[in-house]
Amino acid sequence: MTDVKADFVKNLYIEIDADEDGHCLMKDRVSNQVYVKKTLDIYSIAVYEYLRTHRSVHIPAVETYWEEDGKLVVIEELISGRTLEYILQNIILSEKQKVSIMDQICDGV
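Residues numbered from 1 in each chain as written. Predicted model: local features only at pLDDT ≥ 70, side-chain atom pairs only at ≥ 80, totals over all residues. Heavy atoms only, no water.

1. Looking at the overall build of the protein chain
- For the protein chain, the helix and strand inventory stands at four helices and five strands.
- In terms of overall dimensions, the protein chain has a C-alpha envelope of 55 × 30 × 25 Å along the principal axes.
- For the protein chain, with 109 residues in total, the buried portion stands at 21%.
- Here the contacts in the protein chain between residues at least 6 apart in sequence split such that 36% fall between residues at least 24 apart.
- Working note: accessible area of the protein chain is about 8200 Å², and carbon and sulfur atoms make up 52% of it.
- In the protein chain, 12 side chains carry a positive charge and 20 a negative one; their mean positions are 4 Å apart. (Helix = DSSP H or I, 4+ residues; strand = E, 2+ residues; numbered from the N terminus. Buried < 20%, exposed > 50% of the residue type's maximum accessible area, 1.4 Å probe, protein only. Contact = heavy atoms within 4.5 Å. Areas by Shrake-Rupley, 256 points an atom, 1.4 Å probe, with all protein chains shown as cover. Lys, Arg positive; Asp, Glu negative; His and termini not counted. Charge placed at Lys NZ, Arg CZ, Asp CG, Glu CD.)

2. Re a nonpolar patch on the surface
- The grouping of Leu84, Leu88, Met102, Ile105 and Val109 at the surface amounts to a nonpolar patch, some 510 Å² of accessible area in total.
- Elements that contribute at least two residues to the nonpolar patch include exactly α3 (84-90) and α4 (95-108).
- The topology assignment puts Leu88 in helix α3.
- Note on Leu88: relative accessible area 54%, which makes it exposed. (Patch = residues over 30% accessible without salt bridge, like charges linked within 9 Å, V, L, I, M, F, W, Y side chains within 5 Å. Salt bridge = Lys/Arg side-chain N within 4 Å of Asp/Glu carboxyl O.)

What follows is the structure in structure tokens.
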């Protein structure tokens, strides 16, 4: 992405919240849709381009990305709900629920 295009894309979003992990909630200035911004030290542009153009129901959709100061900034779909870690640590699951979760993970991989 050229510097001019990256600057244009960056200015489409406004930060509305941030956490200690460096993840930010961003709002699209045009559509008002809320996204997640992640800044990555280790990344592959080819992987994120593939994810941007080949959407999957199993992972957040990559809206856009750009390189900045040796890092990759990714704007992706905000997904609400509980994490798998939370579910495994806090909810007693039946065998059927466990199998269903494993099936979903395998489909995603």
